[in-house]
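Each chain is listed here by its residues.
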Amino acid sequence: MKKFPPIPVALRWFLLAMILANIAGEMYYSLMPIYLRELGATIRQIGTLFSLASIVMLVLQLVGGWLSDTLGRLRAVAIGSVVATLGYFGLILAPSWEWALPAICLEYVSSALVAPSYGAFVAEQSSEETRGRVFGVFDGIFMLVVVIGPPIAGIISHRFGFRPMLLAASFVYTSATLLRVWMMFRYPDHKDRSAMQLTGRKFLADLRSMAALVLGGGLILWLLITDGVSDISFQLTGDLQPLYLNQVGGLNTEQIGWTSSILGVAMMATSLPSGWISDHLGERVAILIGFVLLAAGTVVLISVRTFTGFAGAMVLTGLGHGMLWPAYDSLVSKTVPEQMRGVAFGLFRSSIGVISFGAPWLGAQLWYNFSPQTPFAAGVCLLLVGLGVVWFKFKRAAGMAQSPEGSGE
């Protein structure tokens with residue numbers, strides 16, 4: 001197996017900016033549902049708000065990937081960061097939960113532009129033989145944000161209030177934005193994508209090429225299906241989980257922050273093993289393990305009522321996420337042509353996708369009309385469906401990126 005090549009200086013700066021920005025993001029979102037409750041929102045209104053905000057992701061995730069392919073990775077990241085900075089400061093000024101909606105929408109612009117560029121940029125710095133391990137290393141380092149951000153948010157909000165915490169997150173994100181803008185000028189894209197025309201005709205042509213890959217019935221179709229299943233499962237409960245830990249589990253905001261940090265440590269623990277498994281045994285094995293761990297973590301979450309029990313659930317869930325992400329990143333980068341990676345990661349990397357944008361609203365309805373445990377149970381069922389798709393449709397061999405089982409390719 002090939003050794004890791006030296007890490008380029010630009011990639012180091014890129015990773016530092018990602019860490020700063022997402023520490024702020026974890027501070028921003030880890031306690032957001034509780035903050036919205038303080039602003040007067042009901043459970044159903046919170047679910048509706050996140051579903052409405054996710055329409056921004058629905059519209060912009062493909063555009064963000066295309067801009068990454070066309071303008072260059074660093075330019076797309078810088079543009080998204082500048083827009084998102086307005087959202088960070090806007091939330092501080094929001095007088096009611098309704099005014100939080102435009103602020104969250106502006107922050108989602110960053111996710112739509114930055115997430116596709118992250119996967120594509122890292123893929124360009126690695127060979128196919130070592131790509132799983134490269135993603136494992138960088139995803140592991142990147143997951144520091146989940147370890148650091150939520151505890152900081154919990155401590156500040158518990159002792160000083162939500163607005164001082166949001167102000168701190170805004171300043172951290174602004175520093176990341178300044179670094180990204182500097183990188184855009186310091187490290188111009190060596191492929192000179194800026195020479196390509198930003199036209200509607202070219203955008204539609206690139207979308208048709210991506211659609212042809214998906215509708216061809218190969219591995220990328222099953223990747224999209226399983227990614228959609230995991231997205232729906234997460235979105236059913238992700239925005240409600242802090243409320244569940246607070247209202248059902250009785251945890252305060254500081255304790256909730258520490259449970260998120262525990263999840264982050266667990267994610268880091270499996271990211272590198274996931275990369276090794278992907279390179280040696282095939283991404284299918286890592287993805288199977290990830291789905292099993294995610295389902296187990298959710299079952300534990302709705303079965304316990306103590307901080308220790310919730311911490312155990314976070315460990316299982318974190319191990320699952322850490323196992324999934326590098327394997328998915330590696331497989332997507334191998335399945336699509338390099339010039340379309342931005343669009344591909346716009347589909348697969350974004351946490352709120354085309355399929356799952358209504359899931360937060362649905363999760364809130366299940367909570368309100370049945371019980372707080374119901375959306376989590378529905379999420380487990382979806383994960384089991386995804387597990388079945390991976391088991392039957394993904395090849396066992398390490399070279400499965402070329403075709404799925406039964407595709408005839």
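Notes on the structure follow. Keep in mind that what you see is a predicted model, and the values were worked out from it rather than measured.

**Observations concerning the overall build of the protein chain**
Working step 1: Counting its regular elements, the protein chain contains 17 helices and zero strands.
Working step 2: The buried share among the 409 residues of the protein chain stands at 57%.
Working step 3: A fraction of 86% describes how many contacts in the protein chain between residues 6 or more apart in sequence connect residues 24 or more apart.
Working step 4: For the protein chain, the accessible surface area stands at approximately 15800 Å², while carbon and sulfur atoms represent 69% of it.

**With respect to the pattern of salt bridges**
Working step 1: Enumeration according to the criterion identifies one salt bridge in this entry.
Working step 2: A salt bridge links Glu254 to Arg159; the shortest N-O distance between them is 3.7 Å. Here Arg159 lies in helix 7 (residues 144-160) and Glu254 lies in helix 12 (residues 253-280), a separation of 95 residues in the sequence.
Working step 3: Relative accessible area serves as the criterion here: at 18%, Glu254 is assigned to the buried category.

**Here we look at helix 11 (residues 241-248)**
Working step 1: The complete set of buried residues in helix 11 reads Pro242, Leu243, Tyr244 and Leu245.
Working step 2: Directly after helix 11, the chain includes Gly250, whose backbone phi takes a positive value near 75°.

**Structural notes on the side chain of Ser233**
Working step 1: Tracing the chain through its elements places Ser233 in helix 10 (residues 219-237).
Working step 2: The class of Ser233 is buried, set by a relative accessible area of 7%.

**Thoughts on a nonpolar patch on the surface**
Working step 1: A cluster of nonpolar side chains, contributed by Val9, Trp13, Leu16 and Trp182, occupies part of the molecular surface with about 350 Å² of accessible area.
Working step 2: Per-element accounting of the nonpolar patch gives the leading share, three residues, to helix 1 (residues 9-29).
Working step 3: Mapped onto the secondary structure, Trp13 falls in helix 1.
Working step 4: Assessed through its relative accessible area of 32%, Trp13 is described here as partly exposed.

**A few points about helix 17 (residues 374-393)**
Working step 1: Look at helix 17: 29 Å from first C-alpha to last across 20 residues, which is about the 28 Å you get at 1.5 Å a residue.
Working step 2: Along helix 17, the residues that are buried comprise Pro375, Phe376, Gly379, Val380, Leu383, Gly386, Val389 and Val390.
Working step 3: If you follow the buried residues of helix 17, they end up packed against helix 10, helix 11, helix 13 (283-301) and helix 16 (359-369).

**Thoughts on the environment of Gln45**
Working step 1: Tracing the backbone through its elements, the reader meets Gln45 in helix 3 (residues 43-71).
Working step 2: With 53 residues separating them in the primary sequence, Gln45 and Glu98 have C-alpha atoms 9.2 Å apart.
Working step 3: The residues touching Gln45, leaving out its near neighbours within four places in the chain, are Gly40 and Trp97.
Working step 4: A distance of 2.8 Å separates the side chain of Gln45 from the backbone nitrogen of Thr42, its partner in a polar contact.

The rules we used
Residues numbered from 1 in each chain as written. Predicted model: local features only at pLDDT ≥ 70, side-chain atom pairs only at ≥ 80, totals over all residues. Heavy atoms only, no water. Helix = DSSP H or I, 4+ residues; strand = E, 2+ residues; numbered from the N terminus. Buried < 20%, exposed > 50% of the residue type's maximum accessible area, 1.4 Å probe, protein only. Contact = heavy atoms within 4.5 Å. Areas by Shrake-Rupley, 256 points an atom, 1.4 Å probe, with all protein chains shown as cover. Salt bridge = Lys/Arg side-chain N within 4 Å of Asp/Glu carboxyl O. Patch = residues over 30% accessible without salt bridge, like charges linked within 9 Å, V, L, I, M, F, W, Y side chains within 5 Å. Expected span 1.5 Å × (residues − 1). Polar contact = N/O pair within 3.5 Å; in protein donor to acceptor, adjacent residues only side chain to side chain.

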